[in-house]
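# Examination of the molecular architecture
Here are the chains, one letter per residue:
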There are 4 protein chains.
Amino acid sequence: MAHHGNRHGRSEEARRAVLRAADDLLVEKGFAGVTIEGIAAAAGVAKQTIYRWWGSKTDILLDTFLEDAARDLASQEHGTLAEDLRAYLRQLADFLTGNDAGAVFRALIGHAQHDAVFAETLRTHYLDEQRQRDRAPLDRAIARGELPKDLDIPAAVDMLVGPVYHRVLMTGDPVDDAFIGEVVEHFVKR
Amino acid sequence: MAHHGNRHGRSEEARRAVLRAADDLLVEKGFAGVTIEGIAAAAGVAKQTIYRWWGSKTDILLDTFLEDAARDLASQEHGTLAEDLRAYLRQLADFLTGNDAGAVFRALIGHAQHDAVFAETLRTHYLDEQRQRDRAPLDRAIARGELPKDLDIPAAVDMLVGPVYHRVLMTGDPVDDAFIGEVVEHFVKR
Amino acid sequence: MAHHGNRHGRSEEARRAVLRAADDLLVEKGFAGVTIEGIAAAAGVAKQTIYRWWGSKTDILLDTFLEDAARDLASQEHGTLAEDLRAYLRQLADFLTGNDAGAVFRALIGHAQHDAVFAETLRTHYLDEQRQRDRAPLDRAIARGELPKDLDIPAAVDMLVGPVYHRVLMTGDPVDDAFIGEVVEHFVKR
Amino acid sequence: MAHHGNRHGRSEEARRAVLRAADDLLVEKGFAGVTIEGIAAAAGVAKQTIYRWWGSKTDILLDTFLEDAARDLASQEHGTLAEDLRAYLRQLADFLTGNDAGAVFRALIGHAQHDAVFAETLRTHYLDEQRQRDRAPLDRAIARGELPKDLDIPAAVDMLVGPVYHRVLMTGDPVDDAFIGEVVEHFVKR
DNA sequence: ACTTAAACGAGACGGTACGTCGTGTCTTGCG
DNA sequence: CGCAAGACACGACGTACCGTCTCGTTTAAGT
């Protein structure tokens, strides 16, 4: 390990080690296995260093998560509403159910149910952007004239992604292409 | 307090006190404020008595929850699919966002994201019945000929309740009648 | 097992089983391994039956012990003071250091250091008789004229048995015949 | 309270508070009243801090005891064997029967009867030094020519202190000057 | 180069809760 | 009416983490 502190600003090395350790612990041992002490030990970092930069273990996981989300959920254009939606929902479902980012997402959304303050944090740092991503295919379709200008976009978003979240968070049913197809087909045929 | 144990099994008195205490603590202090020690103290019960009959605090909350769910989610018939669905989704949304049963629900579904074993328990003890309740309006509509016999019921259920769960668990947006109306209208107009 | 209670008095069977179980547990697992629950389980007896007849685990051990002590410490006459003393101290040392009665004795005398009430119980039920046994050789010697009539018998007893107890309870040194010989010789040569 | 831990090892403040609390509890409530929880509460210390430095409550009491023993049992020279012995046995008896160090001693020697591992610890940390103190008057007498060079010192020590321990640990009889006088007189007149 | 101050690894501290064990009390139904 | 069975309230156990607090070291910016 290189340096042990310096006068101006935090150690990027320590930051990466913490994020990495938190992620690893979550995947290996589950949410209950993620502890500040465990992260500190695994990252070779002092607890105080963690407390200096983060407020809780979920703050750490959120940091990890945000990087992944921006990378994995970039919307791609496919020309038609149906194609756009199918591609986006596929991408979203894969993200939410994935072993890495998905596991972190489920941990965070689970914790948000237990902690209203964190729920607000999550909304500010993630959900607001996420809703932009969710509506992007609809915005494009409106621009193309495929959808009416007065569409209730938030409601439409809920109707599209809601079924996916329901399977991921509640039932555990697989989100296969057939299901996505039904959802999209039903939405488009309006 | 009357008796302190007998050979014919558990004390109903203690059981009720524990469920009540767990519920109260959840509402007053949130999920983190629900501890076995706290429940025991509030219920006037020994920790060992809790561990004798429940495996964890979420098992206790699940017990509380199951009684409420059966009571509050009984499906009522209103004659038409649209009316049935509107009534049911309204009832469901009220249940999920409520201060009592809703709080317990959100705690449980949140914990299920953190603990795969508990997720399975929750599925077995709650979700399987819940899906029967969710599909009841559709089953009746099929019987009446309002919906085709070959409808993909699970997918249809996801499209109906998914948007509600998305608002409750993710966005925190209110589930008002207008929204329910849109969801139902969109579903029925197929 | 024969009966489960009867209308006329306690079960001798249960009593023997309890004493035996307590003794066995002490030898196998040491004093900390002797618990009322353990005794009850090992004896196939209900805890309540134990509490009905004994006040504590040391009371049970005391019961066991008293039977052994009366049997193993009966004084024998050998004709001369020196021989009598040598024989008695040998017998005493063997008793105190033995694996069965000795273990119980050490447990009891140990507990007496921790509990003044039990110390008094032990004095009443054991020590008073024991002192009679201790002084018997001296009484006989006085009767034979080998020792003066005005001998301070309690002090003399302390000087004879004290060294033995010191080795048993404090130092753990072996109480061999040579040592007993020295003690007796020194006492007799007065 | 000032500091709460630092990298240079333990808090002397916490250590003193624990020893003091253990001692106080023993005197006030007896051995059974000495619990780790009680000590921690009385000392204003966390249980973990106790477990970090001591293995059991008897280890704590032993620590207390060792400081007292070294202080209170220093041998003093009085010129003759008889005087030396009388003074030393008086000092020893006072120490063993005292309300402070004596109570701790009796608790420890009692526990040693219940726990062979602790008995060994007690021997290593206390008894070995104590035997040096016990024999000091005899060593001096041999140096002065008052006692033969080939004296069996361990046996002689047992004969001198054994009667005292017998009274303290077994009979509870008072160890008065008359008794000490008899023991010494009998020993010296050889 | 020399001082200085922030960030660091380390780890002891006062706490809270955990899940377990044993206590002594009770209630029930059998023999 | 004594007994086996066993549930109960209680208290302590020893452990795991929490978040806070020194401590002495490392490092780069500002003398």
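Everything quoted here is computed from the prediction, not taken from an experiment. (Residues numbered from 1 in each chain as written. Chains lettered and ligands numbered in written order. Predicted model: local features only at pLDDT ≥ 70, side-chain atom pairs only at ≥ 80, totals over all residues. Heavy atoms only, no water.)

### Digging into the interface of chain C and chain D
Put simply, the rule is: Should any heavy atoms of two residues lie within 4.5 Å, those residues are counted as being in contact. Buried area: the accessible surface (1.4 Å probe) lost by two parts on joining, summed over both. Each reported salt bridge corresponds to a side-chain nitrogen of Lys or Arg within 4 Å of a carboxyl oxygen of Asp or Glu. Polar contact is the term for a pair of N or O atoms within 3.5 Å; when the atoms are in protein, one must be able to donate a hydrogen and the other to accept it, and sequence-neighboring residues count only if both atoms are side-chain atoms. Counting from the N terminus, the helices are the DSSP runs of H or I reaching at least four residues and the strands are the DSSP runs of E reaching at least two. Ten residues, namely Ala, Val, Leu, Ile, Met, Phe, Trp, Tyr, Cys and Pro, are considered nonpolar, four, namely Asp, Glu, Lys and Arg, are considered charged, and the remaining ones, Gly among them, are considered polar.
Listed per partner, the contact involves 35 residues of chain C and 35 residues of chain D. Between chain C and chain D lies a buried interface of about 3,400 Å² when both sides are counted; carbon and sulfur atoms form 59% of it. The largest contributions to the chain C side of the interface with chain D come from C:His114, C:Met170 and C:His186, which together make up 23% of the buried area. The interface formed by chain C and chain D contains 4 salt bridges. Between C:Arg131 and D:Asp173 there is a salt bridge whose closest N-O contact spans 2.4 Å. Taken together, the links from chain C to chain D amount to 15 residue pairs in polar contact (both at pLDDT 80 or more). Taken together, the elements giving at least two residues each to the side of chain C that touches chain D come down to helix H6 (101-114), helix H7 (116-144), helix H8 (153-171) and helix H9 (177-188) of chain C. For the side of chain C that touches chain D, the element with the highest residue contribution is H8(C), accounting for 13 residues. For the side of chain C that touches chain D, the residue count by class is 17 nonpolar, 9 polar and 9 charged.

### Things to note about the interface of chain A and chain B
Chain A puts 35 residues into the contact, and the matching count from chain B is 35 residues. Regarding the contact of chain A and chain B, the summed buried area is about 3,400 Å², with carbon and sulfur atoms giving 60% of it. If you sort the residues of chain A by the area they bury against chain B, A:His114, A:Met170 and A:His186 come out on top, with a joint share of 22%. Counting across the interface, chain A meets chain B through 4 salt bridges. In this structure, the connection of chain A to chain B is made through 15 residue pairs in polar contact (both at pLDDT 80 or more).

### A closer look at the relation of the copies chain A and chain B
The following threshold applies: When the copies are superposed, the least-squares fit takes in the C-alpha atoms of residues with a pLDDT of at least 70 in both.
For the pair chain A and chain B, the relating rotation is 180°, the translation along its axis is 0.1 Å, and the fit reaches an RMSD of 0.1 Å. In short, the pair behaves as if placed about a two-fold rotation axis. With an isologous cut-off of 70% or more, the 100% of interface residues of chain A that recur at the interface of chain B puts this contact in the isologous class.

### Quick look at the domain arrangement of chain A
Residue and element names in this part refer to chain A. This is how it is decided: Domain delimitation in this document rests on an assignment produced automatically or drawn from a domain database.
For chain A, the domain assignment lists domain 1 (12-54) and domain 2 (61-188). One C-alpha centre belongs to domain 1, the other to domain 2, and the line joining them spans 28 Å. On the domain 2 side, the residues contacting the 9 residues of domain 1 number 10 residues. Approximately 830 Å² of surface area, both sides summed, lies buried where domain 1 meets domain 2, with 60% of it carried by carbon and sulfur atoms. On the domain 1 side of the interface with domain 2, the three residues burying the most area are Asp-23, Leu-26 and Phe-31, jointly 50% of the side's total. Scanning the region where domain 1 abuts domain 2 turns up 2 salt bridges. A per-class count over the side of domain 1 that touches domain 2 returns 6 nonpolar, no polar and 3 charged.

### Observations regarding the relation of the copies chain C and chain D
With an axial shift of 0.0 Å and an RMSD of 0.1 Å, the rotation relating chain C to chain D amounts to 180°. When the interface residues of chain C are mapped onto chain D, 100% of them again lie at the interface, so the same face is used by both copies.

### Remarks on the pattern of salt bridges
What counts here: Throughout this description, buried means an accessible area under 20% of the type-specific maximum (1.4 Å probe, protein chains only), exposed means over 50%, and partly exposed covers the range between.
Counting across every chain of the model gives 72 salt bridges over all chains. Between A:Glu67 and A:Arg15 there is a salt bridge; the shortest N-O distance is 2.9 Å. Of the two residues, A:Glu67 sits in helix H4 (residues 57-72) while A:Arg15 sits in helix H1 (residues 12-29), which places them 52 residues apart along the sequence. On the basis of relative accessible area, A:Glu67 is assigned to the partly exposed category, the value being 34%. Since its relative accessible area comes to 16%, A:Arg15 is described here as buried. B:Asp139 is paired through a salt bridge with B:Arg135; the nearest N and O atoms lie 3.1 Å apart. Here the residue B:Asp139 and the residue B:Arg135 both occupy positions in helix H7 (residues 116-144), the gap between them amounting to 4 residues, near one helical turn.

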